[in-house]
Amino acid sequence: MRRAYHFVRDEVSHSWDIQSRRVTRTASEVLRHREGICYAKSNLLAALLRASGIPAGFCYQRLTIGETPETGYCIHALNAVYVPEAGRWVRLDARGNKPGVAAEFSLGEERLAFPVREELEEQDYPVIYPVPNRRTMETLRNASDGIFMYLHELPQEL
């Protein structure tokens, strides 16, 4: 679990961070190109965990794109894994770290990439989904330019 998380977080670049125009969609595409936005990276992490027999699902947050609601909102994807020893699901965010973003593997206290700021009407969706959200996958399927997608086509709500 830890190795899969660190591989996706650290060895697969977030497309926006490297300003890539490529759009990866499936786990195999993300693995081949070693890049993707959070939707694609969560597909890869879920696939790696499930291939290892670890139950995994998809979780979402609604976040501001910038520092204020005027910048707009987007949906951010992360994963949840079932930890039998703890008898519970734990959320993990393999988005990828950079200055101001510090997600960590933790089976105790959540260490996600982005804290939800309720005062900005950001939202943490508590549901663990067995498959990726239809809207996030449609966004990836319909996009032909990663930068344009990131700036103009990300869904604002589930």
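These numbers come from a predicted model, not from an experiment.

What the rule picks out here adds up to 1 cavity of 30 Å³ or more. Estimates place the volume of the largest cavity at around 30 Å³. If you trace the largest cavity, you find it lined by Cys38, Lys41, Ser42, Ala77, Leu78, Asn79, Asp93, Ala94 and Arg95. Sorting the residues of the lining of the largest cavity by element identifies α3 (38-51) and β4 (73-83) as the ones contributing at least two each. In terms of residue class, the lining of the largest cavity is made up of 4 nonpolar, 2 polar and 3 charged.

A word on the packing of α3 against helix α4 (residues 134-142). A pair of packed helices is characterised by two quantities: the angle between their axes and the separation of those axes. Closest axis-to-axis distance for the α3/α4 pair is 10 Å, and the angle between their directions is 110 degrees. Classed by the angle they form, the pair α3 and α4 counts as roughly perpendicular. Crossing angle aside, the handedness with which α3 passes α4 is left-handed. Where α3 approaches α4, its residues Tyr39, Ala40 and Asn43 are matched on the opposing element by Thr136, Met137, Thr139 and Leu140. Considering only residue class, the contact of α3 with α4 consists of 4 nonpolar, 3 polar and no charged.

Among the nonpolar cores identified, the biggest contains 37 residues, and Tyr5, Tyr39, Leu45, Leu49, Val81, Leu140 and Met149 are the most heavily contacted of them. Where this core is concerned, the elements lending two or more residues are α1 (2-11), α2 (27-33), α3, β3 (56-64), β4, β5 (88-92) and α4. For this core, the element with the most residues is α3, which contributes 7 residues. Sequence-distant contacts of Leu49, that is, excluding residues within four places in its chain, are made with Met1, Ala4, Ile54, Ala56 and Val81.

With that out of the way, let us pick up the side chain of Asp145. Within the secondary structure, Asp145 sits in the loop between α4 and α5 (146-152). Separated by 3.0 Å, the side chain of Asp145 and the backbone nitrogen of Ile147 make a polar contact. Excluding anything up to four places from it in sequence, Asp145 contacts Arg21 and Val23.

What α4 keeps buried is the set Thr136, Met137, Thr139 and Leu140. Angular distribution of buried residues about the axis of α4 spans 155 degrees; they occupy a single face of the element. Facing away from the buried side of α4 by more than 90 degrees, the exposed set consists of Arg134, Arg141 and Asn142. Structurally, α4 contributes buried residues whose contacts are with α3, β3, β4 and α5. The N-terminus of α4 is capped by Asn133, whose side-chain oxygen sits 2.7 Å from the backbone nitrogen of Arg135.

Next up on the list: the layout of surface pockets. Taken as a whole, the largest pocket holds about 520 Å³ of empty space. In this structure, the largest pocket is lined by 26 residues; those nearest its centre are Leu63, Thr64, Ile65, Phe114 and Tyr150. Top element by residues in the lining of the largest pocket is β4. It accounts for 3 residues. Per-class residue counts for the lining of the largest pocket are 16 nonpolar, 5 polar and 5 charged.

Thresholds, definitions, all that
Within every chain, residues take consecutive numbers counted from 1 along the sequence as written. In keeping with the predicted nature of the model, local features appear solely for residues at pLDDT of at least 70, side-chain atom pairs appear and are counted solely at 80 or more, and the whole-chain, interface and lining totals rest on all residues. Note: side-chain values were computed over all heavy atoms of the structure, leaving out hydrogens and water. In this analysis, the protein atoms alone were mapped onto a 1 Å grid. Cavities are point sets where a 1.4 Å probe fits without being able to get out; pockets are open sets with protein on both sides within 12 Å along at least five of seven lines; lining residues have an atom within 4 Å of a point. Grid points are joined across faces, edges and corners, and a volume is the space filled by probe spheres set on the points. Every helix listed is a DSSP run of H or I at least four residues long, and every strand listed is a run of E at least two residues long, numbered separately from the N terminus. Three residue categories are used. Nonpolar comprises Ala, Val, Leu, Ile, Met, Phe, Trp, Tyr, Cys and Pro, charged comprises Asp, Glu, Lys and Arg, and polar comprises the others, including Gly. Between N-to-C directions, angles cover 0 to 180 degrees, with each direction set by a line fitted to C-alpha atoms, over the stretch in contact for helices. For classification purposes, an angle smaller than 35 degrees is called roughly parallel, one larger than 145 roughly antiparallel, one from 65 to 115 roughly perpendicular, and anything else oblique. We call a crossing left-handed when the near helix sits turned anticlockwise from the far one by less than a right angle, and right-handed when that turn is clockwise. Pairs of residues are marked as contacts when any of their non-hydrogen atoms sit within 4.5 Å. We call a set of buried Ala, Val, Leu, Ile, Met, Phe, Trp, Tyr and Cys residues a nonpolar core when their side-chain atoms join them within 4.5 Å. Only protein chains enter the accessibility calculation, which uses a 1.4 Å probe; a residue whose area is less than 20% of its type maximum is buried, one above 50% is exposed, and one in between is partly exposed. Under the rule applied, a polar contact is a pair of N or O atoms within 3.5 Å (in protein, one hydrogen donor and one hydrogen acceptor; residues adjacent in sequence only if both atoms are side-chain atoms). As used here, the arc belongs to the directions running from the helix axis to the C-beta atoms.

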